[in-house]
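A look at the structure
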Amino acid sequence: MPVRRRFRDRIRIGPVEVATYYDGRGRDMHTAACTAPGCGFSADYHSRAAAELAARTHRCKA
């Protein structure tokens, strides 16, 4: 069964969305995911600053 995450503090930087969620151990995790069709970029980070930096420097191949 897939994990259902509840995202909060969502912002959008260009085509990338950055959000915060709790992982399975109750820790804050941050994710950056590109919403452009066919891109497929997403990554999880331990700090919000790292996720926002990834969003600002992401270049879509799609």
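In what follows, the accompanying structure is described. (Residues numbered from 1 in each chain as written. Predicted model: local features only at pLDDT ≥ 70, side-chain atom pairs only at ≥ 80, totals over all residues. Heavy atoms only, no water.)

**A closer look at the pairing of strand β1 (residues 8-13)**
Selection rule: Two strands qualify as a pair provided that DSSP identifies no fewer than 2 bridges between them. Helix and strand labels come from DSSP, where a helix needs a run of H or I of at least four residues and a strand needs a run of E of at least two; each type is numbered from the N terminus.
Pairing of β1 with strand β2 (residues 16-22), which is carried by four bridges, proceeds in the antiparallel orientation. Bridge pairing in β2 places Ile13 opposite Val16.

**Overview of unusual backbone geometry**
Cut-off, in case you're wondering: The buried label goes to any residue with under 20% of its type's maximum accessible area, the exposed label to any with over 50%, and the partly exposed label to all in between, with areas taken from a 1.4 Å probe on protein chains only.
Look at Asp9: it is not a glycine, yet its phi comes out positive at around 50 degrees. Here Asp9 falls in the exposed class, since its relative accessible area comes to 53%.

**Regarding the pattern of salt bridges**
Put simply, the rule reads: Here a salt bridge means any side-chain nitrogen of Lys or Arg lying within 4 Å of a carboxyl oxygen belonging to Asp or Glu.
Tallied over the full model, the rule gives six salt bridges. The shortest N-O distance in the salt bridge between Glu17 and Arg10 comes to 3.3 Å. On the basis of relative accessible area, Glu17 is assigned to the partly exposed category, the value being 24%. Accessibility expressed as a relative area gives 55% for Arg10, which makes it exposed. Among the salt bridges present, the one from Glu17 reaches Arg12, with a minimum N-O distance of 3.1 Å. Bridged by salt links that share partners, the residues Arg10, Arg12 and Glu17 form one connected network.

**Focus: the packing of aromatic side chains**
Put simply, the rule is: Only centres within 6.5 Å qualify two rings of Phe, Tyr or Trp (six-membered ring in Trp) as a pair; their planes then separate them into stacked at under 30 degrees, edge-to-face at over 60, and tilted for everything else. Whether a charge lies above a ring is judged from NZ of Lys or CZ of Arg, which has to be within 6 Å of the ring centre and within 35 degrees of the ring normal.
Tallied over the full model, the rule gives one aromatic pair. Ring centres of Phe7 and Tyr21 lie 5.6 Å apart, and the angle between their planes is 75 degrees; this geometry places the pair in the edge-to-face category. With Phe7 in the segment before β1 and Tyr21 in strand β2, the pair connects residues that are 14 residues apart, well separated along the chain. Residue Phe7 is classed as partly exposed on the basis of its relative accessible area, which comes to 43%. For Tyr21, a relative accessible area of 2% puts it in the buried group. It is Arg8 that lies over the ring of Tyr22; its NZ or CZ is 4.2 Å from the centre.

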